[in-house]
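A closer look at the structure
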Amino acid sequence: LTGAEVGAIRADFPVLSRHVNGRPLVYLDSAATSQRPVQVLDAERSFAEAHYAAVHRGAHTLAGEATDAFESARERVAGFVGMPAEALVWTKNATEALNLLALSLSFPGPRQLGPGDEIVTTEQEHHANLVPWQETCARTGATLRYVPLGDDGRLDLSDLGSIVTERTKVLAFSHVSNVLATVTPVAQLVAAARAVGALTVLDACQSVPHLPVSVPELGVDAIAFSGHKMLGPTGIGALVARPELLSELPPVLTGGSMVEVVTLDGTTYREPPQRFEAGTQPVAQAVALAAAVDYLEKVGLQRVHAHELHLGRLLLDGVRSVPGVRVLGPEDAESRIGTVAFSVDGVHPHDVGQVLDDAGVAVRVGHHCAQPVHRRYGVTASTRASAYLYTTEAEVETFVDALRTVRPFFGLG
Ligand code: PMP
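Residues numbered from 1 in each chain as written. Predicted model: local features only at pLDDT ≥ 70, side-chain atom pairs only at ≥ 80, totals over all residues. Heavy atoms only, no water.

Here we look at the overall build of the protein
The number of helices and strands found in the protein is 15 helices and 17 strands. Taken over C-alpha atoms, the radius of gyration comes to 22 Å for the protein, in line with the 22 Å a tight globule of 413 residues would show. Seen through its C-alpha atoms, the protein measures out along the principal axes to roughly 75 × 55 × 35 Å. Out of the 413 residues in the protein, the part that is buried amounts to 56%. On the protein, roughly 16,400 Å² of surface is accessible, and the fraction owed to carbon and sulfur atoms is 53%. Separation of charge centres in the protein, based on 32 positive and 46 negative side chains, amounts to 3 Å. (Helix = DSSP H or I, 4+ residues; strand = E, 2+ residues; numbered from the N terminus. Rg over C-alpha atoms; globule rule 2.2 N^0.38 Å. Buried < 20%, exposed > 50% of the residue type's maximum accessible area, 1.4 Å probe, protein only. Areas by Shrake-Rupley, 256 points an atom, 1.4 Å probe, with all protein chains shown as cover. Lys, Arg positive; Asp, Glu negative; His and termini not counted. Charge placed at Lys NZ, Arg CZ, Asp CG, Glu CD.)

Right, dumping it as structure tokens:
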């Protein structure tokens, strides 16, 4: 993206023109949640103003319009990752999508897990792709195993053959780590899982917003992502899975909207995806997420990705140029997206964040819901700067300049 193109994009994001602590806001927290363009805000508002109603019920005109908008949003968002509408289950966020799958696999059905079965995940996971599998193992008697991280900040796949075995029923891993910012070698993991007939589950929270993602091309069985990290609203996310897999899974939440026939003696369920969508759905949020997808596609995911690789390199070089700062994850920019997590010697991340905020710079501090990754690299928390399509080179400079003042501010050399 050229400077002029980024400038035009920024003009669509009202919040980016505000000031914080007397300084222009430098928003480097998009890996936590992204900002929204007027096109997305308008889509939600105009839907509420003209077409809002409960979907799939009622014969009135508004109900029909709302249902059409909801279902075309499903088709649009599923299509964004290369899948048909019936593959997409709306959820509240990626966390709910991963829990839905992990829970469903622990309920009676052809895919139910049990003692002797193994689930494999990795040491780099966000808690959302780790704790649900721990819970599923506790409930079913299955065993959880991990692909470890190496000293170089990448997954260590050297022992994959002994970790993924005939006992493995699920291999769940993130496409891009939200701390190390590395892109996982999906093909290698999928091949290992396929060789033993295990399901593959991809946490695509940090990839779908930032690079082209095609579920059929990746060859995974299911992916999860959140709308709020890809220019959409909070309260909407998706589980996208092969429809044949969905049809083998029992429902998790039950109640209205997901049933066919209910008698006092029992109930039959609708086909997926509706089987997994109990109760009134986040209709306006789905419509807004479709508008976010329109926005991203108009810019082009290849171009978004290229812009972030460029900014990622600037961020990495900038952070590494500051004395007393240690980067988590690989030092070569080639294997990263536009996110850099780091620790500052002698300064707690919360204090780093405070000094940066004084300069108008918004970053994430803490363990970023990935405690094992931090433990692996000998820290309990870190500071994370993350770019998106609206981030400029000048903003990266402002951030690095502010970072340079942190240690001196605390009297450190
Ligand atoms: N996985 C990854 C890799 C993430 O970065 C996040 C968000 N930090 C999640 C899962 C969870 O997303 P959400 O909180 O929207 O469910």
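Description of the pattern of salt bridges
All told, the structure shown has 18 salt bridges when counted by the stated rule. Here R74 and E277 are joined by a salt bridge, their closest N and O atoms 2.8 Å apart. Highlighted residues: R74 in helix α3 (residues 61-80) and E277 in the loop between β12 (266-269) and α10 (283-299), separated in sequence by 203 residues. Among the salt bridges present, the one from R242 reaches E244, with a minimum N-O distance of 2.9 Å. Residue classification places E244 among the partly exposed positions, given a relative accessible area of 45%. Here the salt bridges share partners, and the residues they tie into one network are E71, R74 and E277. (Salt bridge = Lys/Arg side-chain N within 4 Å of Asp/Glu carboxyl O.)

So, the confidence of the model for the protein
Taken as a whole, the protein shows an average pLDDT of 96; of its residues, 100% reach a score of 70 or greater. Two summary scores accompany this predicted model of the complex, namely pTM at 0.97 and ipTM at 0.99. (pLDDT = per-residue confidence, 0-100.)

Notes on the packing of helix α11 (residues 301-320) against helix α14 (residues 393-404)
Orientation of α11 relative to α14, taken along the N-to-C sense of each, is 15 degrees, at an axis distance of 10 Å. By the angle between their directions, the pair α11 and α14 is classed as roughly parallel. The interaxial crossing formed by α11 with α14 has right-handed handedness. Contacts between α11 and α14 involve H310, L311, L314, L315, G318 and V319 from the first element and E393, V396, F399, V400 and L403 from the second. Residue composition of the contact of α11 with α14, grouped by class: eight nonpolar, two polar and one charged. (Axes fitted to C-alpha atoms, helices over the stretch in contact; angles between N-to-C directions. Parallel < 35°, antiparallel > 145°, perpendicular 65-115°, else oblique. Left-handed = near helix turned anticlockwise from the far one by under 90°. Contact = heavy atoms within 4.5 Å. Nonpolar A, V, L, I, M, F, W, Y, C, P; charged D, E, K, R; others polar.)

A closer look at the environment of V344
In this structure, V344 sits in strand β14 (residues 339-344). Among the residues examined, V344 registers a relative accessible area of 6% and is labelled buried. Along the backbone, V344 and V319 are 25 residues apart, and their C-alpha atoms lie at a distance of 9.9 Å. In this structure V344 touches G324, V325, V352, L403, V406 and R407, once residues within four positions along its chain are discounted.

Quick word on the packing of aromatic side chains
Applying the stated criterion across every chain, the model contains seven aromatic pairs. Here F70 and W90 contribute two aromatic rings whose centre-to-centre distance is 6.0 Å and whose plane-to-plane angle is 35 degrees, an arrangement assigned as tilted. Taken together, the positions of F70 in helix α3 and W90 in strand β4 (residues 88-91) put the pair 20 residues apart, joining distant regions of the chain. Taking the centre distance of 5.0 Å and the plane angle of 75 degrees together, the rings of F409 and F410 count as edge-to-face. (Phe/Tyr/Trp six-rings, centres within 6.5 Å; stacked < 30°, edge-to-face > 60°.)

Remarks on the sheet that holds strand β13 (residues 325-327)
The strand order β13-β14-β17-β16 describes an open sheet built from four strands, whose pairing is antiparallel. With one partner strand each, in any of the chains shown, β13 and β16 (364-366) form the two edges of the open sheet. Pairwise comparison of adjacent strand axes, ignoring direction, gives a mean angle of 30 degrees for this sheet. In this structure, β13 lies alongside β14, joined through three bridges in antiparallel fashion. The partner of V327 across the bridge, within β14, is F342. Sitting on the sheet, α11 touches β13, β14 and β17 (382-386), and the angle it makes with β14 is about 10 degrees. (Pairing = 2+ DSSP bridges.)

Regarding the site of the ligand
As a matter of local geometry, the ligand sits amid N93, A94, T95, H126, A128, N178, D203, C205, Q206, S226, H228 and K229. Within the contact set of the ligand, an oxygen atom lies 2.6 Å away from a side-chain nitrogen or oxygen of S226. In the model, a nitrogen atom of the ligand is placed 2.8 Å from a nitrogen or oxygen of the K229 side chain. Considering the ligand on its own, with 400 Å² of exposed area, one finds that the protein chains cover 89% of that surface. (Near = heavy atom within 4 Å. Polar contact = N/O pair within 3.5 Å; in protein donor to acceptor, adjacent residues only side chain to side chain.)

Some points on the pairing of strand β9 (residues 222-226)
Most of β9 sits out of view: five of its five residues are buried. Side chains A222, A224 and S226 of β9 all project onto a buried face; the interleaved residues I223 and F225 project onto the opposite face, where all are buried too. In this structure, strand β8 (residues 199-203) lies alongside β9, joined through three bridges in parallel fashion. Looking at β9, one finds that L202 is bridged to I223. Relative to strand β10 (residues 237-241), β9 runs antiparallel, the two sharing five bridges. Note that in β10 the partner of A224 across the bridge is L239.

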